[in-house]
Amino acid sequence: MTLSDPTSFPKVLTLYLELSQYPILARHIRERMRKEIFERGVITPEAFEAEVRAKAVQSQRREGLHDPLAQEPPDIWRQRLSIVRDNLTDFYFAYNLPHDLFEDIVRQVLAERAPSQDVVLTFHPELAPWDMLFAQGESYESLPPQERERVEHHLEEIKVVLIKAMISDHLEYVGIAKEWFDIADLRSIRERRLGRGKIGGKAAGLMLAATVLRKSASQELLAHLRLPRSWFLGADVFYQFTHFNDLLVFANQKYKSDEEIRGEYAAIRERFAQGRFPEDVVEGLRAILEQVEGKPLIVRSSSLLEDSFGTSFAGKYESRFCPNQGSPKENLRALIHAIACVYASVYSPDVLLYRRRMGLIDYDERMAVLIQEVQGRDYYGRYWMPDAAGVAFSRNPFRWSQLIDRRAGFLRMVWGLGTRAVENVGGDYPRLVALSHPELRPETDPKAIRGYSQRKVDLIDLQENAFRVLPVSEVLRGETPHLRFLAGRFQDGHIQEFLGRPVGFKPEEVVLTFDGLLRRTPFAMWVRDMLQTLEKAYKVPVDTEFAMLLEGDEGGDPKPVIHLLQCRPMSRLEREAARLPTDIPASRQIFVSTRLVPDGRLSDIRYVVYVPPDVYRTLKPVARKQELARVIGRLNRRLEGETFVLIGPGRWGSANPDIGVPVTYADLYNARALVELASEDIAPEPSYGTHFFQDLVEAQIFPLALKLDDTEDEFNHAFFEAARNVLPELLPEAAEWAHAVWVIDVPAETRGARLELVMDGDAGKAMAYLKSPSARRKLKGRQGGRT
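Describing helix α15 (residues 279-292)
So, point 1. With 14 residues, α15 should reach 20 Å at 1.5 Å per residue; the first-to-last C-alpha distance of 20 Å fits that figure.
So, point 2. Here α15 has its buried residues at V281, V282, G284, L285, I288, L289 and V292. Seen end-on, α15 carries its buried residues on one side only, within an arc spanning 160 degrees. Along α15, the residues that are exposed and aim more than 90 degrees away from the buried face are D280 and E290.
So, point 3. Buried positions along α15 lie against β1 (193-194), β3 (230-233), α13 (235-244), β4 (297-303), α16 (328-344) and β6 (367-373).
So, point 4. Just downstream of α15 lies E293, where phi reads positive at about 55 degrees.

What about the pattern of salt bridges?
So, point 1. Taken as a whole and assessed by the stated rule, the structure comprises 53 salt bridges.
So, point 2. Measuring nitrogen to oxygen at the nearest pair gives 2.7 Å for the salt bridge that ties E156 to K178. Taken together, the positions of E156 in helix α8 (residues 145-166) and K178 in helix α9 (residues 171-180) put the pair 22 residues apart, joining distant regions of the chain.
So, point 3. Given a relative accessible area of 32%, E156 falls into the partly exposed group.
So, point 4. Here R269 and E318 are joined by a salt bridge, their closest N and O atoms 2.2 Å apart. With R269 in helix α14 (residues 258-273) and E318 in the loop between β4 and β5 (319-322), this residue pair connects regions lying 49 residues apart in the sequence.
So, point 5. One connected set of salt bridges, linked through shared partners, spans R30, R34, D86 and D90.

Describing unusual backbone geometry
So, point 1. Of note, the bond from K620 into P621 is cis; its omega dihedral lies within 30 degrees of zero at -10 degrees.
So, point 2. Its place among the elements puts P621 in the loop between α24 (613-618) and α25 (622-638).
So, point 3. In this structure, D246 takes a positive phi of about 55 degrees despite not being glycine.
So, point 4. Along the chain, the position of D246 falls in the loop between α13 and α14.

Considering the sheet that holds strand β9 (residues 388-393)
So, point 1. Ordered in space as β2-β18-β17-β9-β10-β11, the six strands form an open sheet in which the pairing is mixed. Each edge of the open sheet carries a strand with a single partner, namely β2 (225-226) and β11 (431-434).
So, point 2. Contacting β2, β9, β10 (410-414), β17 (542-551) and β18 (559-569), helix α23 (residues 523-538) runs over the sheet at an angle of about 30 degrees to β18.

Some remarks on the pairing of β3
So, point 1. Side-chain alternation along β3 places S230 and F232 on one buried face and W231 and L233 on a second face that is also buried.
So, point 2. Pairing of β1 with β3 involves two bridges; the strand directions are parallel. Across the sheet, the residue bridging to L194 is L233, located in β3.
So, point 3. Inspection of the sheet shows β3 paired to β6 by four bridges, in the antiparallel sense. Looking across to β6, one finds that F232 is bridged to L370.

Examining the sheet that holds strand β21 (residues 607-610)
So, point 1. The sheet built from five strands is open, its strands ordered β24-β23-β22-β21-β26 with mixed pairing. A single partner strand is all that each edge strand has here, and the edge strands are β24 (702-707) and β26 (742-745). Direction aside, neighbouring strands of the sheet carry axes that sit 20 degrees apart on average.
So, point 2. As paired strands, β21 and β26 are joined by four bridges and run antiparallel to one another. Bridge pairing links Y610 to W742 in β26.

Side note on the packing of helix α7 (residues 130-141) against helix α10 (residues 183-191)
So, point 1. With their axes 9 Å apart at the nearest point, α7 and α10 run at an angle of 150 degrees to one another. By the criterion of interaxial angle, the relationship of α7 to α10 is roughly antiparallel. Our pair here, α7 against α10, has a crossing hand that is left-handed. Facing α7, whose interface residues are W130, D131, F134, G137, E138 and E141, α10 presents I183, A184, L186, R187 and R190.
So, point 2. Taken together, the residues of the contact of α7 with α10 break down into five nonpolar, one polar and five charged.

What counts and how
- Residues numbered from 1 in each chain as written.
- Predicted model: local features only at pLDDT ≥ 70, side-chain atom pairs only at ≥ 80, totals over all residues.
- Heavy atoms only, no water.
- Helix = DSSP H or I, 4+ residues; strand = E, 2+ residues; numbered from the N terminus.
- Expected span 1.5 Å × (residues − 1).
- Buried < 20%, exposed > 50% of the residue type's maximum accessible area, 1.4 Å probe, protein only.
- Arc of directions from axis to C-beta.
- Contact = heavy atoms within 4.5 Å.
- Salt bridge = Lys/Arg side-chain N within 4 Å of Asp/Glu carboxyl O.
- Pairing = 2+ DSSP bridges.
- Axes fitted to C-alpha atoms, helices over the stretch in contact; angles between N-to-C directions.
- Parallel < 35°, antiparallel > 145°, perpendicular 65-115°, else oblique.
- Left-handed = near helix turned anticlockwise from the far one by under 90°.
- Nonpolar A, V, L, I, M, F, W, Y, C, P; charged D, E, K, R; others polar.

Structural data, given as structure tokens:
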């Protein structure tokens, strides 16, 4: 190795690449570097120049010059000396002085340059010399306002290059982020990142939201707003992992058939779970564990496709909790396993079929990872969880009262970890809060409030070193912190507030209401302010996840502290103002819903897929209900291109098959509406705010709920019972399921009529009715004549 080839030395290569991008600047920078080398006694100027001359002569001889001084023209000799001098400068500096000193020299040189002198960035963002960019950006930002104005366009270019290289290259995101991030913000992100790749969509959204709030929220809100400590695994680490473990063979999984994608996923998960990381990544993960000092962690996906405008991928990829209560070796092993599971979810059926549906199947998926401290408190020295958590939206497309202002936002909140607020769990209910009227509930009767309240809590069991789901009655105690702000007592048909520590505490009487939190603290107001601030910056409605802790003395007036966990553009149904017809005879009405109705219209519905509740309840064992869900999935693929709706018992997409049909996004993405038939023990609430609900919204599938025992809702049983089931014709291999899955060809049953579904959110009512062919032709004629 020789100094004529600086790339032979890794440390020298770093300086060489950075300086080679700026040949004019490099001369001034290297002069300062040599000054430091000489002043710090690394080598004397005389010895340095002697070595330069000697190595220049050596390079001549390697080129075959036997009389170097006589055989080379003077101008070539001077150029040779200059090249060797530069390389030798880089060598002595890189191996004897800190890189921070190099950055200081760059900043000094940049600061001394006239602001009018342009620096052109001529390199690809992924290969950018970041030290130089950060130094130049900081130099520009330190200029007095008048001088900075003259270089603002250069500063903007530097920020765009860094954002696209480190964070996201989605143009909608970049357009917003460059207005809010400064160089210090970007440096902070860089310092918490392992690898060189982008940090992905979820991390990008969180960091942008935190910056927006820090720079524009009210001081009152900022005093009660926190961001969890976070670390990022760049997307390039995913490539390292797959290459290191021979997993690149799965890269074309996305092009396989639906059946192959489903059938092979379990084996893929197993292969990933056995994977190992390169030692430098392992050391970085070990350093993170040392910093958190035994606090629980959550490992979250942060795909480059995730949480962007129009495609949130909500709940598609895995997240894993790491309780972090074992030995250092055990904790590291658990963290590595959690990351591997997140990586494996890149190939899950829900992800790949969602990408296919959204036109993203050809995109080269790159998975980054977001590692966060779990926000919470120690309950009784045993459990770790926040006092409340959930999701909050800056717009509310559903309302249960005319008083509710859609623009004020909405939140869905639970006690404990927020997973229970975003997963479509059956038989359990979060608190729904319209932020314009926080105390206005969908239910008014105390018995109904108790019936539709939270029954289980997600938490981390510190003693068991595990994530657990426990009954609320098992965890709530008389000494539960700030109980009077979280719950009430159901006695004699009424819900009473706790005024202090309860006497004669009975867990079975306690109902989680959050009434005290909403009535006696500014929590709802602060969440609303946060959402409106973010929506103003994003220029679109936003969807956030949060945790909340009450801080203050138990007997005093605690203040809620909001921990922002995630922020992304909010997915919305395409709204169409629709007014209900008033002249439809009862015999032509198929169903009427009066709860949480969106705005919209569906026309020309040909098929209705109906799962009779009484038949579904009799399916035994549970596996039969899961098999039924797969039949729905095959129908979904068979009816592609047709307009159809799904109607069934309980909660579609429930993790508990006894509560509703356990379909996933991959089973229903071609449907246009999803109707949940609620009974006495199932609340008429179409899972608003869950990840499953986000799937429906992005696929433009309208969710509706009917309560069969309510006189205001209507369901035409006679129509369904009289219709012929065409399931055996559409799916002959599924004919045995004809008793449990009814497929009605509406025109075939009604002499050409099709179903029309009109949803009037302002009136709070939706109606599906039969529209004759002549009426449809008249409507299309009027629409076609509009200009």
